[in-house]
Amino acid sequence: QVQLVESGGGLVQAGGSLRLACAASGRIFSIYAMGWYRQAPGKQRELVARITVSGNTNYADSVKGRFTISRDNAKNAVYLQMNSLKPEDTAIYYCNAYFSDLHDYWGQGTQVTVSS
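Residues numbered from 1 in each chain as written. Predicted model: local features only at pLDDT ≥ 70, side-chain atom pairs only at ≥ 80, totals over all residues. Heavy atoms only, no water.

Turning our eyes to something else, we now look at the pairing of strand 4 (residues 33–39). Of all 7 residues in strand 4, 6 are buried, a share of seventy percent or more. As paired strands, strand 4 and strand 5 (residues 46–52) are joined by 6 bridges and run antiparallel to one another. Along strand 5, the bridge assignment pairs Tyr-37 with Leu-47. Between strand 4 and strand 5, which follow one another and run antiparallel, lie 6 residues, and Gly-42 among them has a positive phi close to 80°. Across 7 bridges, the pairing between strand 4 and strand 9 (residues 91–100) is antiparallel. The partner of Met-34 across the bridge, within strand 9, is Ala-97. (Buried < 20%, exposed > 50% of the residue type's maximum accessible area, 1.4 Å probe, protein only. Helix = DSSP H or I, 4+ residues; strand = E, 2+ residues; numbered from the N terminus. Pairing = 2+ DSSP bridges.)

Below is the structure:
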(Lines give C-alpha, C1' and ligand atoms only; values in the text may rest on other atoms or scores of the structure.)
Protein backbone atom coordinates (compact mmCIF):
# COMPACT_ATOMS: atom_id res chain seq x y z
CA GLN A 1 0.00 0.00 0.00
CA VAL A 2 2.99 2.31 0.46
CA GLN A 3 3.89 4.28 -2.61
CA LEU A 4 7.00 6.33 -3.28
CA VAL A 5 7.17 9.03 -5.92
CA GLU A 6 10.46 10.59 -6.98
CA SER A 7 10.97 13.87 -8.75
CA GLY A 8 13.76 16.25 -9.67
CA GLY A 9 15.82 14.24 -12.10
CA GLY A 10 16.99 15.58 -15.40
CA LEU A 11 19.91 16.52 -17.58
CA VAL A 12 22.65 18.73 -16.20
CA GLN A 13 26.16 19.78 -17.16
CA ALA A 14 29.11 18.55 -15.14
CA GLY A 15 29.55 20.73 -12.10
CA GLY A 16 25.86 21.52 -11.91
CA SER A 17 23.29 20.68 -9.28
CA LEU A 18 20.01 18.84 -8.94
CA ARG A 19 17.68 18.27 -6.03
CA LEU A 20 15.77 15.02 -5.87
CA ALA A 21 12.64 14.61 -3.80
CA CYS A 22 10.69 11.56 -2.73
CA ALA A 23 7.38 11.46 -0.94
CA ALA A 24 5.87 8.37 0.64
CA SER A 25 2.15 7.90 0.81
CA GLY A 26 -0.26 5.21 1.86
CA ARG A 27 -0.54 3.24 5.06
CA ILE A 28 2.42 4.61 6.94
CA PHE A 29 3.13 4.51 10.66
CA SER A 30 6.86 5.00 10.93
CA ILE A 31 9.75 4.63 8.52
CA TYR A 32 13.04 3.56 10.04
CA ALA A 33 15.12 4.84 7.17
CA MET A 34 14.81 6.44 3.78
CA GLY A 35 17.47 6.63 1.18
CA TRP A 36 18.57 6.97 -2.37
CA TYR A 37 20.09 4.27 -4.50
CA ARG A 38 21.24 4.42 -8.08
CA GLN A 39 21.86 2.05 -10.92
CA ALA A 40 24.03 2.96 -13.88
CA PRO A 41 24.04 1.02 -17.14
CA GLY A 42 25.90 -2.25 -16.73
CA LYS A 43 26.26 -1.86 -12.98
CA GLN A 44 24.47 -3.12 -9.91
CA ARG A 45 22.31 -0.92 -7.77
CA GLU A 46 24.31 0.89 -5.12
CA LEU A 47 23.59 2.96 -2.07
CA VAL A 48 24.01 6.69 -2.59
CA ALA A 49 22.79 8.07 0.72
CA ARG A 50 20.62 6.95 3.59
CA ILE A 51 19.08 8.65 6.60
CA THR A 52 17.37 7.13 9.61
CA VAL A 53 14.43 8.50 11.55
CA SER A 54 16.88 9.80 14.15
CA GLY A 55 18.88 11.66 11.54
CA ASN A 56 21.90 9.42 11.19
CA THR A 57 23.28 9.50 7.67
CA ASN A 58 25.41 7.30 5.49
CA TYR A 59 26.93 8.21 2.13
CA ALA A 60 28.73 6.39 -0.59
CA ASP A 61 32.39 7.40 -0.67
CA SER A 62 31.96 8.63 -4.22
CA VAL A 63 29.43 11.29 -3.22
CA LYS A 64 30.71 12.42 0.17
CA GLY A 65 31.12 16.16 0.28
CA ARG A 66 28.97 16.66 -2.81
CA PHE A 67 25.56 15.20 -1.93
CA THR A 68 23.42 15.93 1.10
CA ILE A 69 20.45 13.86 2.20
CA SER A 70 17.70 15.27 4.37
CA ARG A 71 14.39 14.03 5.67
CA ASP A 72 11.08 15.41 6.81
CA ASN A 73 9.64 12.74 9.07
CA ALA A 74 6.27 14.45 9.40
CA LYS A 75 5.86 14.50 5.64
CA ASN A 76 7.46 11.10 5.07
CA ALA A 77 9.71 12.71 2.53
CA VAL A 78 13.38 12.50 1.72
CA TYR A 79 15.53 14.80 -0.38
CA LEU A 80 18.90 14.58 -2.04
CA GLN A 81 20.79 17.74 -2.86
CA MET A 82 23.34 16.87 -5.52
CA ASN A 83 26.13 19.38 -6.14
CA SER A 84 29.25 19.28 -8.26
CA LEU A 85 27.76 16.56 -10.40
CA LYS A 86 30.05 14.37 -12.45
CA PRO A 87 29.36 12.24 -15.53
CA GLU A 88 29.85 9.13 -13.40
CA ASP A 89 26.82 10.18 -11.37
CA THR A 90 24.64 9.38 -14.38
CA ALA A 91 22.16 6.72 -13.34
CA ILE A 92 18.58 6.00 -12.48
CA TYR A 93 18.04 7.09 -8.90
CA TYR A 94 15.58 5.18 -6.76
CA CYS A 95 13.97 6.24 -3.52
CA ASN A 96 13.76 3.65 -0.78
CA ALA A 97 11.70 3.48 2.39
CA TYR A 98 12.73 0.84 4.90
CA PHE A 99 10.45 -0.32 7.67
CA SER A 100 11.83 -3.79 8.16
CA ASP A 101 13.18 -6.64 6.08
CA LEU A 102 9.59 -7.57 5.29
CA HIS A 103 8.51 -4.04 4.48
CA ASP A 104 10.90 -2.40 2.09
CA TYR A 105 9.55 -0.16 -0.66
CA TRP A 106 10.95 1.42 -3.78
CA GLY A 107 9.99 4.23 -6.07
CA GLN A 108 9.84 4.02 -9.83
CA GLY A 109 13.14 5.80 -10.33
CA THR A 110 14.16 9.10 -11.83
CA GLN A 111 16.83 9.56 -14.47
CA VAL A 112 19.84 11.74 -13.74
CA THR A 113 22.13 12.44 -16.66
CA VAL A 114 25.32 14.46 -16.30
CA SER A 115 27.07 15.53 -19.47
CA SER A 116 30.79 16.24 -19.79
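Ranked by size, the top nonpolar core spans 30 residues in total, and within it Met-34, Trp-36, Leu-80 and Tyr-93 carry the most contacts. Mapped onto this core, the elements with two or more residues apiece are strand 3 (18–25), strand 4, strand 5, strand 7 (67–72), strand 8 (77–82), strand 9 and strand 11 (110–115). Setting aside residues up to four positions removed in sequence, Tyr-93 forms contacts with Glu-6, Leu-20, Trp-36, Tyr-37, Arg-38, Val-48, Phe-67, Leu-80, Met-82, Gly-109, Thr-110 and Val-112. (Core = buried A, V, L, I, M, F, W, Y, C linked by side-chain atoms within 4.5 Å. Contact = heavy atoms within 4.5 Å.)

Moving on, we come to the pattern of salt bridges. All chains considered together, the criterion is met by 4 salt bridges. In this structure, Asp-89 engages Arg-38 in a salt bridge whose closest nitrogen and oxygen atoms are separated by 3.0 Å. With Asp-89 in the loop between strand 8 and strand 9 and Arg-38 in strand 4, this residue pair connects regions lying 51 residues apart in the sequence. Note that Asp-61 and Lys-64 form a salt bridge whose closest N and O atoms lie 3.0 Å from each other. Through salt bridges with shared partners, one network takes in Arg-38, Glu-46, Arg-66 and Asp-89. (Salt bridge = Lys/Arg side-chain N within 4 Å of Asp/Glu carboxyl O.)

Pairing is antiparallel across the open sheet formed by 4 strands, whose spatial order is 1-3-8-7. A strand with exactly one partner marks an edge of an open sheet, and here the two such strands are strand 1 (3–7) and strand 7. With strand direction ignored, the average angle separating the axes of adjacent strands in the sheet is 15°. (Axes fitted to C-alpha atoms, helices over the stretch in contact; angles between N-to-C directions.)

What follows is about the packing of aromatic side chains. Each aromatic ring pair is summarised here by two numbers: the centre-to-centre distance and the angle between the ring planes. Under the counting rule described, the total for this entry stands at 3 aromatic pairs. Measuring from ring centre to ring centre gives 6.3 Å for Tyr-32 and Tyr-98, while their planes differ by 70°; the resulting arrangement is edge-to-face. Of the two residues, Tyr-32 sits in the loop between strand 3 and strand 4 while Tyr-98 sits in strand 9, which places them 66 residues apart along the sequence. In this structure Tyr-32 comes out as partly exposed when scored by relative accessible area, which is 43%. Residue classification places Tyr-98 among the partly exposed positions, given a relative accessible area of 22%. Their ring planes at 65° and their centres at 5.0 Å tell us that Tyr-37 and Trp-106 sit as a pair that is edge-to-face. Here Tyr-37, found in strand 4, pairs with Trp-106, found in strand 10 (residues 103–106); they are 69 residues apart in sequence, far enough to count as distant. Since its relative accessible area comes to 18%, Tyr-37 is described here as buried. Taking the relative accessible area as the measure of exposure, Trp-106 reaches 30% and is therefore partly exposed. Over the aromatic face of Tyr-37 sits the side chain of Arg-45, whose NZ or CZ is 5.6 Å from the ring centroid. (Phe/Tyr/Trp six-rings, centres within 6.5 Å; stacked < 30°, edge-to-face > 60°. Lys NZ or Arg CZ within 6 Å of the ring centre and 35° of its normal.)

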